[in-house]
Amino acid sequence: MPEAASSNGDDAPKLPPAKPAGAFEGETMTRRAVFSIGGQALGGAGIGIVGLSALGFAAGTPLFEQADEIWTAVGPPGKFAVDTYRSTVITLTHGVGEAGKTTAYVRMGSPDLEETQAFIAVSTRCAHLGCPVRFVEAANNFICPCHGGVYGFRGEVIGGPPVRPLDRFQTRVRDGQVEVGPRYSVTGDFDPVRYRDPGEFTGGIWNVLFPPRPSTPPAP
Ligand code: FES
């Protein structure tokens, strides 16, 4: 009488261990594991390098430290008129040569425009993406060559993509010279605010949504 088959399956033929999808004949799992671990190690090293660099940069940047005020003498008051600008070169940062300088357009303040400042200094940095704008005397406008931004005589936006008027610099008169100092931004109504980067709106709720960097000097 034939013996009954074992109920626990001990006598069933043993199958070779299943190979993962994509395995080819002769491939050993040791080799695959080496590649897998090696890839993960390289990825981890890459993340570490980028992360440590970012941390080092953040730790080394004086986020809350305000730079010393720099004032540049640009000439005697009689050099400037009320109805046009004079191009002047001012220093923004000491110790970096030409890279620390920029151009500012300076004129006298105009009572007709309800300006109370004796002198107005307008930045040439476009409020869209920062290209240098140029004052075109024939049109009494500032023109940006990059994307067609156009600003009126006071620096107000009259065309193109800029999001706010041109920035300004503080001015004062010392020892018979007009001096140009720290940068500030203005709202659409020319109210001064701490300066913002190009592309950032100013005025109303935008002052909250685009807060200034802590290191920027107070507005006048
Ligand atoms: S940078 Fe001036 S319009 Fe774009």
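Everything discussed here concerns the structure shown above.
As the structure is a computational prediction, the values presented were derived from the model and not from experiment.

Peer 1: Sorry if this is basic, but what is going on with the pairing of strand β9 (residues 168–174) here?
Peer 2: For a regular strand, the rule is simple: side chains alternate between the two faces of the sheet. Here strand β4 (residues 119–123) pairs with β9 via two bridges, running antiparallel. Across the sheet, the residue bridging to V122 is R168, located in β9. Inspection of the sheet shows β9 paired to strand β10 (residues 177–186) by six bridges, in the antiparallel sense. Along β10, the bridge assignment pairs R172 with E179. A loop of two residues connects β9 with β10, the two strands running antiparallel in sequence, and D175 in this loop sits at a positive phi of about 50°.

Peer 1: How should I be thinking about the pattern of salt bridges in this particular structure?
Peer 2: Opposite charge on two side chains makes pairing possible when the charged atoms of those side chains draw close. Evaluation of the coordinates by the stated rule reveals seven salt bridges. D167 serves as the salt-bridge partner of R164, at 3.1 Å between the closest nitrogen and oxygen. D167 shares its class with R164; the two are buried. Put simply, D167 and R183 hold a salt bridge, and the shortest N to O gap is 3.3 Å.

Peer 1: I would appreciate a short explanation of the packing of aromatic side chains in the present structure.
Peer 2: Here a ring pair, both rings aromatic, is described through the centre-centre distance and the interplanar angle of the planes. A complete count under the given rule lists 12 aromatic pairs for this structure. An angle of 65° between the planes, with centres 6.2 Å apart, marks the rings of F135 and F153 as edge-to-face. With a gap of 18 residues between them, F135 in strand β5 (residues 134–136) and F153 in the loop between β7 (150–151) and β8 (157–159) connect regions that are remote in the sequence. Residue classification places F135 among the buried residues on the basis of a relative accessible area of 9%.

Peer 1: When you look at the environment of G152 in this model, what are you seeing that I'm missing?
Peer 2: Relative to the assigned elements, G152 resides in the loop between β7 and β8. With near-sequence residues (within four places) excluded, G152 lies in contact with N140, N141, F142 and I158.

Peer 1: Even after reading the chapter, I still don't get the environment of G149, so can you show me in this structure?
Peer 2: Relative to the helices and strands, G149 is located in the loop between β6 (141–143) and β7. Since its relative accessible area comes to 2%, G149 is described here as buried. Taking the C-alpha atoms as reference points, G149 and P161, separated by 12 residues in sequence, lie 5.9 Å from one another. Among all residues touching G149, those that are not within four sequence positions of it are F142, I143, C144, G159, G160, P161 and P162.

Peer 1: Where do I start with the state of the cysteines in this structure?
Peer 2: Each disulfide consists of one covalent bond between the sulfur atoms belonging to two cysteines. Per the counting criterion, the structure on display carries one disulfide. C131 shares a disulfide with C146; S-S distance 1.9 Å. What sets the handedness of the C131 and C146 disulfide is the S-S torsion sign, and at about -95° it is left-handed. Taken together, the positions of C131 in the loop between β4 and β5 and C146 in the loop between β6 and β7 put the pair 15 residues apart, joining distant regions of the chain. Given the relative accessible area of 37%, C146 is considered partly exposed.

Peer 1: Can you help me understand unusual backbone geometry in this one?
Peer 2: What is expected of a backbone is that most residues other than glycine have negative phi and most peptide bonds are trans. A positive phi is found at E114, a non-glycine position, where the angle reads about 60°. Mapping E114 onto the fold places it in the loop between β3 (101–108) and β4. According to the relative accessible area criterion, E114 is exposed, its value standing at 74%. Its identity as a non-glycine residue notwithstanding, D175 has a phi of 50°, on the positive side. By secondary structure assignment, the location of D175 is in the loop between β9 and β10.

Peer 1: Got a minute to help me understand the sheet that holds β5 in this structure?
Peer 2: The strands making up a sheet are joined through hydrogen bonds of the backbone, oriented either antiparallel or parallel. Within the open sheet, the four strands sit side by side as β5-β6-β7-β8. Their pairing is antiparallel. Since the sheet does not close on itself, it has two edges, and those belong to β5 and β8, each with one partner. When β6 meets β7, the two strands line up antiparallel, connected through two bridges. If you follow F142 over to β7, its bridge partner there is Y151.

Here is what the cut-offs are and how they apply
- Residues numbered from 1 in each chain as written.
- Predicted model: local features only at pLDDT ≥ 70, side-chain atom pairs only at ≥ 80, totals over all residues.
- Heavy atoms only, no water.
- Pairing = 2+ DSSP bridges.
- Helix = DSSP H or I, 4+ residues; strand = E, 2+ residues; numbered from the N terminus.
- Salt bridge = Lys/Arg side-chain N within 4 Å of Asp/Glu carboxyl O.
- Buried < 20%, exposed > 50% of the residue type's maximum accessible area, 1.4 Å probe, protein only.
- Phe/Tyr/Trp six-rings, centres within 6.5 Å; stacked < 30°, edge-to-face > 60°.
- Contact = heavy atoms within 4.5 Å.
- Disulfide = S-S within 2.5 Å.

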